Amino acid sequence: MGLTARVLAIDAGNSKTDVAIVTADGDVLATARGGGFRPPAVGVDTAMDALAETVTRALTTAGLTSVTHVSACLANADFPVEEERLAGALRARAWSRTATVRNDTFAILRAGVTEPRGVAVVCGAGINCVGMRPDGRTARFPALGRVSGDWGGGWGLSEEALWHASRAEDGRGAPTALSHTLPAHFGLPSVYALVEALHLGHIPALRRHELTPVLFATAADGDTIARAVIERQAEEVVSMAVVALTRLELLEEPTPVLLGGGVLAARHPQLNNRIEHLLEKRAPKAVPQVVTASPVLGAALLGLDRVGSGEGAQSRLRRYYGM
């Protein structure tokens, strides 16, 4: 496509959207940030309208009205049919003639590797895993929660911690310090009071994510139940990674396994060390590493792959993002 090509890179998560306009030689012409992208909650048209406001700001800053290719990594694009539907919606906006949509986990994977080859497991609010090879083959999971066999991430960890704390307090379960540390975080005297406050909305449901760091702190202090919950999270991360490596026939060769999202990027020793230990046993050639790069970098790199940019352009782009 030549060095005149320009890529509109979009990383749109549930809470925020980042946009970058990048030339084929890796120069960033403009960036913009907007709100979250949540088609299931507001509908595709409304979500696209909100996205358009952010994209328009970036295009205006760059002095452009359109680009060569749109590379979008979007939350809630969990199945290929959803990716195709969203790609069609992007093309309808006339920002470019071509548009590729992937689940936003692919952005974290591509940001952490020098070529489109490897596996990424992301623990943010939920958990997801994807893998890719340079020949275009991918591995992925629906990642819709328990209905698709998933467990973990910040939301799942806080829910499990509350479950154990409630049962410990009323006698149905084994004792755990979580029955004290979780309500204490909100200045409450008991798990009963905490559950009541969450149920009645006195504590907004979204604040439940604050309990995940409390779980890790309780585990670090030696609590057996809290430690078991974190051990389970490590098992889930490694199970997903090993399945993805196997599907892509990468289990027998050195392959990056990227760990991203708030839970893994926090580098809690018990969790991350356990993941590394389990990978060493089940996928000894895997090379685990934590990724903290901006996901929009990954979306832009995927766009540069599409327009045929070389390593120099990718290196220039990585330097812009401090990588």
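Refer to the structure presented above.
Keep in mind the model is a prediction, meaning the values are calculated, not measured.

Undergrad: Looking at this structure, how should I read the environment of Asp 150?
TA: Mapped onto the secondary structure, Asp 150 falls in the loop between strand E8 (138-140) and helix H5 (153-170). Assessed through its relative accessible area of 9%, Asp 150 is described here as buried. If we skip the residues at most four places from it in the chain, Asp 150 touches Ile 127, Ala 143, Leu 144, Gly 145 and Met 240. Here Leu 144 takes part through its backbone nitrogen, which lies 3.1 Å from a polar atom of the side chain of Asp 150.

Undergrad: How do you make sense of the side chain of Arg 110 when you look at a structure like this?
TA: Within the secondary structure, Arg 110 sits in helix H4 (residues 105-111). A residue is classified by how much of its surface remains accessible, and Arg 110, at 0% relative accessible area, is buried. A polar contact is formed between the side chain of Arg 110 and the side chain of Asp 305, at a distance of 2.9 Å. If near-sequence neighbours (up to four positions away) are discounted, Arg 110 is found in contact with Glu 115, Pro 116, Gly 298, Leu 301, Leu 302, Asp 305, Gln 314 and Arg 318.

Undergrad: Would you explain the sheet that holds strand E5 (residues 98-103) in this entry?
TA: In any sheet, the strands associate via hydrogen bonds between backbone groups, in a parallel or an antiparallel arrangement. Strand order in this open sheet of 5 strands is E3-E2-E1-E4-E5, and the pairing throughout is mixed. If you trace the sheet from one side to the other, it starts and ends with strand E3 (28-35) and E5, each paired once. Adjacent strand axes in the sheet meet at a mean angle of 15 degrees when their direction is disregarded. Where strand E1 (residues 6-12) meets strand E4 (residues 69-74), 6 bridges bridge the pair, whose relative direction is parallel. The residue bridging Ile 10 from the neighbouring strand is Ala 72, located in E4.

Undergrad: Got a minute to help me understand a nonpolar patch on the surface in this structure?
TA: Side chains of Phe 79, Val 81, Leu 144 and Val 147 sit close together on the surface and give an oily, nonpolar patch of about 390 Å² of accessible area. By the element assignment, Val 147 lies in the loop between E8 and H5.

Undergrad: Would you mind showing me how to read the nonpolar core here?
TA: The nonpolar side chains of a soluble globular protein tend to be buried with one another. Formed by 50 residues in total, the largest nonpolar core has its most connected members in Leu 178, Leu 182, Leu 194, Leu 215, Leu 271 and Ile 275. Other than its neighbours up to four places away in sequence, Leu 194 contacts Leu 162, Leu 182, Pro 183, Phe 186, Leu 188, Ile 203 and Leu 211. Core analysis: the next-biggest nonpolar cluster, separate from the first, contains 31 residues, Ile 108, Val 130, Ala 293 and Ala 300 among them.

Cut-offs used in this document
Residue positions are counted from 1 within each chain, in the order its sequence is given. Since the coordinates come from a predicted model, pLDDT governs what is reported: local features require at least 70, and pairs of side-chain atoms require 80 or more to be given and counted, while whole-chain, interface and lining totals use all residues. Hydrogens and water molecules were not included; the side-chain quantities draw on all heavy atoms of the structure. Secondary structure counts use DSSP, requiring at least four H or I residues in a row for a helix and at least two E residues in a row for a strand, with both numbered from the N terminus. A simple rule labels every residue: compare its accessible area, found with a 1.4 Å probe on the protein chains alone, to the largest value its type can have, and call it buried under 20%, exposed over 50%, or partly exposed in between. Two residues qualify as a contact provided that any one of their heavy atoms is within 4.5 Å of a heavy atom in the partner residue. Here a polar contact is recorded for every N or O atom pair within 3.5 Å, except that within protein the pair must consist of a potential hydrogen donor and a potential acceptor, and residues adjacent in sequence are included only if both atoms are side-chain atoms. Strand pairing follows a simple DSSP-based rule, namely that at least 2 bridges must link the two strands. Note on geometry: axes are lines fitted to C-alpha atoms, helical ones only across the stretch in contact, with angles between N-to-C directions running from 0 to 180 degrees. A patch consists of residues exposed above 30% relative accessible area that lack any salt bridge, with like charges linked at up to 9 Å and nonpolar side chains (Val, Leu, Ile, Met, Phe, Trp, Tyr) linked at up to 5 Å. All accessible areas in this document rest on Shrake-Rupley with a 1.4 Å probe, and a residue is counted as covered only by the protein chains that are shown. The salt bridge definition used is simple: a Lys or Arg side-chain nitrogen within 4 Å of an Asp or Glu carboxyl oxygen. Take the buried Ala, Val, Leu, Ile, Met, Phe, Trp, Tyr and Cys residues and link them wherever side-chain atoms come within 4.5 Å; each set so joined is a nonpolar core.

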